[in-house]
Amino acid sequence: MIFARSAAMAFNRWLDVKFDTLNPRTAIREIPAGIISKNSALRFVIINCLLFIGCTWFINPLCFALSFVALAVVLGYSYTKRFTALCHLVLGLGLSLAPIGAFLAVTGRFDLLPILFSLTVIFWVSGFDIIYALQDEEFDKTQQLYSMPSWLGKAKALRVSEVLHLMSIGCVVAAGLYGGHYGGFGLWYWGGVAIFIGMLIYQHAIVKPNDLSRVNLAFMTSNGIASVVFAAFVIGDLFLHFYNTRM
């Protein structure tokens, strides 16, 4: 995960250096600012890709085979803003590989539960990425870049984000019901779900089409809390379930 994420982030910075230089919001990033050279960033991408593939080889044959697919998705995302407003969903797809990848690493097989969690991630990430993209609506239009805000405008893009987050809520609830059917989830899981939903509602409450002053609070802080707290509650729930079954 660390190597794939690092490769994807660095590749995005390497590929988008022209746009990052022109955009006042991103001109302070390391490559436009001259802190890191483009060639150094590209070498970093290649090294992380090789390390990622190498790690998957040590896990199991299925993870190794799918490592190339995973890299194609997380690296390919950086191109999508050039031709489709659905780029947010591609970003969500890239991050959604984490639950499936973790399950494959442990079990070596597919199952419905990690797919439900991956769908949760797709809709969650794409929803909050649309919120983040609100900041660049005008810039994207001038550079002929695609995003939901540049395509639909801020107000309608926020509605799309809300729908995606509702779909994310539906998937995380479905995952809980499916896991609970097999004795996997209890009250702690649903407590985590409640906090996760609360954070989604909160970020939509503080970001308005005519007021983007708290976009970073919504994008960074609320989603950071949602993910960490939800993970802690789920781990706690599974630990209690394991402990109780051994008593």
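For the structure itself, consult the block above.
Criteria and cut-off values
Residues numbered from 1 in each chain as written. Predicted model: local features only at pLDDT ≥ 70, side-chain atom pairs only at ≥ 80, totals over all residues. Heavy atoms only, no water. Phe/Tyr/Trp six-rings, centres within 6.5 Å; stacked < 30°, edge-to-face > 60°. Helix = DSSP H or I, 4+ residues; strand = E, 2+ residues; numbered from the N terminus. Buried < 20%, exposed > 50% of the residue type's maximum accessible area, 1.4 Å probe, protein only. Salt bridge = Lys/Arg side-chain N within 4 Å of Asp/Glu carboxyl O. Expected span 1.5 Å × (residues − 1). Bend = angle between axes of the 7 residues up to and from the residue. Contact = heavy atoms within 4.5 Å. Polar contact = N/O pair within 3.5 Å; in protein donor to acceptor, adjacent residues only side chain to side chain. Axes fitted to C-alpha atoms, helices over the stretch in contact; angles between N-to-C directions. Parallel < 35°, antiparallel > 145°, perpendicular 65-115°, else oblique. Left-handed = near helix turned anticlockwise from the far one by under 90°. Nonpolar A, V, L, I, M, F, W, Y, C, P; charged D, E, K, R; others polar. Arc of directions from axis to C-beta. Disulfide = S-S within 2.5 Å. 1 Å grid on protein atoms, 1.4 Å probe; cavity = no way out; pocket = protein on both sides within 12 Å on 5 of 7 lines; lining within 4 Å. Points joined across faces, edges and corners; volume = space filled by probe spheres on them.

Undergrad: When you look at the packing of aromatic side chains in this model, what are you seeing that I'm missing?
TA: Each aromatic ring pair is described using two quantities: the centre-to-centre distance and the angle formed by the ring planes. According to the stated counting rule, one finds 15 aromatic pairs in the structure shown. With centroids separated by 6.5 Å and ring planes inclined at 65°, the aromatic side chains of F117 and Y189 adopt a geometry described as edge-to-face. On the criterion of sequence distance, the pair formed by F117 in helix α6 (residues 112–133) and Y189 in helix α10 (residues 187–206) is long-range, its members being 72 residues apart. Each member of the pair, F117 together with Y189, is buried. When the centroid spacing of 4.1 Å and the interplanar angle of 25° are considered together, the rings of Y132 and F219 count as stacked. A residue pair is termed long-range when its members are at least 10 positions apart, and Y132 in helix α6 and F219 in helix α11 (residues 215–246) qualify at 87 residues.

Undergrad: Honestly, the pattern of salt bridges in this entry has me stumped. Any pointers?
TA: Within the structure shown, the criterion is met by eight salt bridges. Between K81 and D140 there is a salt bridge, with its nearest N and O atoms 3.2 Å apart. Of this pair, K81 sits in the loop between α4 (61–80) and α5 (87–107) while D140 is found in helix α7 (residues 137–142), placing the two residues 59 residues apart along the sequence. Taking the relative accessible area as the measure of exposure, D140 reaches 1% and is therefore buried. K154 is the partner of E137 in a salt bridge, and the nearest nitrogen-oxygen pair spans 2.4 Å. Taken as a pair, E137 in helix α7 and K154 in helix α9 (residues 154–181) lie far apart in primary sequence, 17 residues in all. The class for E137 is buried, based on a relative accessible area of 6%. One network of salt bridges, with partners in common, ties together E137, K141 and K154.

Undergrad: Can you help me understand α4 in this one?
TA: Every α-helix carries 3.6 residues per turn, so stepping three or four residues along brings you back to the same face. Here α4 is 20 residues long and its end C-alpha atoms lie 30 Å apart, about the 28 Å a rise of 1.5 Å per residue gives. By the largest-angle criterion, S67 marks the main kink of α4, which is about 35°. If you check which residues of α4 are buried, you get C63, S67, A70, L71, V73, V74, L75, Y77, S78 and T80. Buried residues along α4 sit against α1 (2–15), α3 (38–59), α5 and α6. Of the residues that open α4, the one with a side-chain oxygen 3.2 Å from the backbone nitrogen of L62 is N60.

Undergrad: How do you make sense of the packing of α6 against α10 when you look at a structure like this?
TA: How two helices sit against one another is set out by the angle between their axes and by the gap between those axes. Between α6 and α10, the least distance of the axes is 11 Å, while the angle of their chain directions is 20°. Taken together, the axes of α6 and α10 lie roughly parallel to each other. Here α6 runs over α10; the crossing is left-handed. Of the residues in α10, those in contact with F117, T120, W124, F128 and I131 of α6 are Y189, F196, L200, Q203 and H204. Of the residues belonging to the contact of α6 with α10, the class tally is seven nonpolar, three polar and no charged.

Undergrad: Is there a simple way to think about α3 in this case?
TA: Compared with the 32 Å implied by 1.5 Å per residue over 22 residues, the 32 Å span of α3 between its first and last C-alpha is a close match. When we look at burial in α3, the residues that qualify are A41, V45, N48, C49, F52, I53 and T56. Axial view of α3: buried residues confined to an arc of 135°, hence all on one face. Opposite the buried face of α3, by more than 90 degrees, sit the exposed residues N39, I47, L50, W57 and F58.

Undergrad: In this structure, what is going on with the state of the cysteines? I would like to understand it.
TA: Linking two cysteines covalently through their sulfur atoms gives a disulfide. In the structure shown here, the tally under the stated rule is zero disulfides. With no disulfide of its own, C49 has C55 as its nearest cysteine by sulfur position, at a separation of 12 Å. We classify C49 as buried; its relative accessible area is 11%. A disulfide-free cysteine, C55 has its sulfur positioned 11 Å from the sulfur of C63, the nearest such atom.

Undergrad: Would you mind going over the layout of surface pockets with me for this structure?
TA: Over the atoms a probe the size of a water molecule is rolled, and this reveals where empty space is left. Empty space within the second largest pocket amounts to approximately 160 Å³. In terms of lining, the second largest pocket is formed by M9, A10, R13, D20, R29, E30, I31, P32, I36, A41 and F44. Those elements that provide at least two residues to the lining of the second largest pocket are α1 and α3. Ranked by the residues each element gives to the lining of the second largest pocket, the list is headed by α1, at three residues. Here the lining of the second largest pocket is composed, by residue class, of seven nonpolar, no polar and four charged.

Keep in mind these values describe shape, not function.
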